[in-house]
Amino acid sequence: MKRMIDVIVALNLLIAGSFLFLLIYGLIRWKIGAPVVFRQVRPGLHGRPFMLYKFRTMTDECDELGVLLPDHLRLTKTGAMIRKLSLDELPQLFNVLKGEISLVGPRPLLMEYLPMYTEEQARRHLVKPGITGWAQVNGRNTLSWEEKFAYDLWYVEHQSFWLDMKILWMTLLKVMKTEGVQQPHHATAEKFKGTDT
């Protein structure tokens, strides 16, 4: 049932939002340049890698040594606006249609984090990752990593149709209020460095 809802909702959003997609695509192409879509390998169900799609919000500016500048220095005004409205997440609807992620689930993080998780934290990969999740509607990037993982694990244990509907509704409200988008001095959040045990 969850997969059926994912496909129906994602397909309808893509059709209804086609003009918005073209508008954002043109804006990024004009203000930031190509490529417009950012692609990155992320861990999915059981940690299996897949290619995640997002609208690009940063430049490729490097320092004098050719090293990429920190995220918050490469985030453009256009990119910041797109992130504030969570519009950078829209291409992930294609990931939903492909069955790689769900509308609701723990956010797919970086592959480099996999060996850093505790055994308990790794259980977040027992379900498909999602565009939004229980951690996102309970603080998003204002939470510590440990708090985010605690919310993810709670979702793994309590997932249901009605919980997903509640999370989708709360996500809409959060996006309208643009809450919890980033931590100070970070484009989104500080990188995870592991949990001290």
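See the structure printed just above.
Everything in this summary refers to the structure shown in the same document. Predicted, not measured: the structure shown is a model, and the values here were computed from it. (Residues numbered from 1 in each chain as written. Predicted model: local features only at pLDDT ≥ 70, side-chain atom pairs only at ≥ 80, totals over all residues. Heavy atoms only, no water.)

**Details of the overall build of the protein chain**
Here is step 1: Helix and strand counts for the protein chain come out as seven helices and four strands.
Here is step 2: Traced from its N-terminal end to its C-terminal end, the protein chain shows the element sequence α-α-β-β-α-α-α-β-β-α-α.
Here is step 3: The C-alpha radius of gyration computed for the protein chain amounts to 17 Å, which stays within 12% of the reference 16 Å derived for 197 residues, consistent with globular compactness.
Here is step 4: Reported as C-alpha extents along the three principal axes, the dimensions of the protein chain are approximately 45 × 45 × 30 Å.
Here is step 5: Pairs at least 24 residues apart make up 70% of the contacts formed inside the protein chain by residues separated by at least 6 positions.
Here is step 6: Working note: accessible area of the protein chain is about 11100 Å², and carbon and sulfur atoms make up 63% of it.
Here is step 7: Averaging the positions of the 25 positive and the 20 negative side-chain charges in the protein chain gives two centres separated by 8 Å. (Helix = DSSP H or I, 4+ residues; strand = E, 2+ residues; numbered from the N terminus. Rg over C-alpha atoms; globule rule 2.2 N^0.38 Å. Contact = heavy atoms within 4.5 Å. Areas by Shrake-Rupley, 256 points an atom, 1.4 Å probe, with all protein chains shown as cover. Lys, Arg positive; Asp, Glu negative; His and termini not counted. Charge placed at Lys NZ, Arg CZ, Asp CG, Glu CD.)

**Here's the deal with the packing of helix H6 (residues 145-158) against helix H7 (residues 161-177)**
Packed helices, taken two at a time, are described by the angle their axes make and the gap between the axes.
Here is step 1: Two elements in contact, H6 and H7, have axes separated by 10 Å at closest approach and are oriented at 140°. Between H6, through Trp 154, Tyr 155 and His 158, and H7, the contact on the second element is made entirely by Leu 163, Asp 164 and Ile 167. (Axes fitted to C-alpha atoms, helices over the stretch in contact; angles between N-to-C directions.)

**Concerning H7**
Here is step 1: Compared with an ideal rise of 1.5 Å per residue, which puts 17 residues at 24 Å, H7 spans 25 Å between its outermost C-alpha atoms and is within 8% of the ideal.
Here is step 2: Within the span of H7, buried status applies to Leu 163, Asp 164, Ile 167 and Thr 171. All buried residues of H7 lie within an arc of 95° about the axis, which places them on one face of the element. Opposite its buried face, H7 presents the exposed residues Trp 162, Trp 169, Met 176 and Lys 177, each directed more than 90 degrees away. (Expected span 1.5 Å × (residues − 1). Buried < 20%, exposed > 50% of the residue type's maximum accessible area, 1.4 Å probe, protein only. Arc of directions from axis to C-beta.)

**Structural notes on the packing of helix H2 (residues 18-31) against helix H4 (residues 77-84)**
Here is step 1: Where H2 contacts H4, the axes come no closer than 10 Å and their chain directions differ by 155°. Here H2 is positioned roughly antiparallel relative to H4, judged by the angle of their axes. Residues Ile 24, Leu 27, Ile 28 and Lys 31 of H2 pack against Thr 78, Met 81 and Ile 82 of H4.
Here is step 2: Here the contact of H2 with H4 is composed, by residue class, of five nonpolar, one polar and one charged. (Parallel < 35°, antiparallel > 145°, perpendicular 65-115°, else oblique. Nonpolar A, V, L, I, M, F, W, Y, C, P; charged D, E, K, R; others polar.)

**Considering unusual backbone geometry**
Here is step 1: A cis amide bond, omega -5°, links Ala 34 with the succeeding residue Pro 35.
Here is step 2: The phi angle at Ser 86 is positive, at roughly 60°, despite the residue not being glycine.
Here is step 3: For Ser 86, the position within the fold is in the loop between H4 and helix H5 (92-97).
Here is step 4: With relative accessibility at 14%, the residue Ser 86 sits in the buried group.

**Examining the nonpolar core**
Here is step 1: Core analysis: the largest hydrophobic core is formed by 26 residues, its most contacted members being Ile 24, Ile 28, Phe 55, Leu 90, Leu 93, Tyr 155 and Ile 167.
Here is step 2: If sequence neighbours within four positions are ignored, Leu 93 has contacts with Ala 10, Leu 13, Leu 14, Phe 21, Leu 103 and Ile 131.
Here is step 3: If you look at the next biggest cluster of nonpolar residues, it comprises seven residues, including Leu 109, Leu 110, Trp 145 and Phe 149. (Core = buried A, V, L, I, M, F, W, Y, C linked by side-chain atoms within 4.5 Å.)

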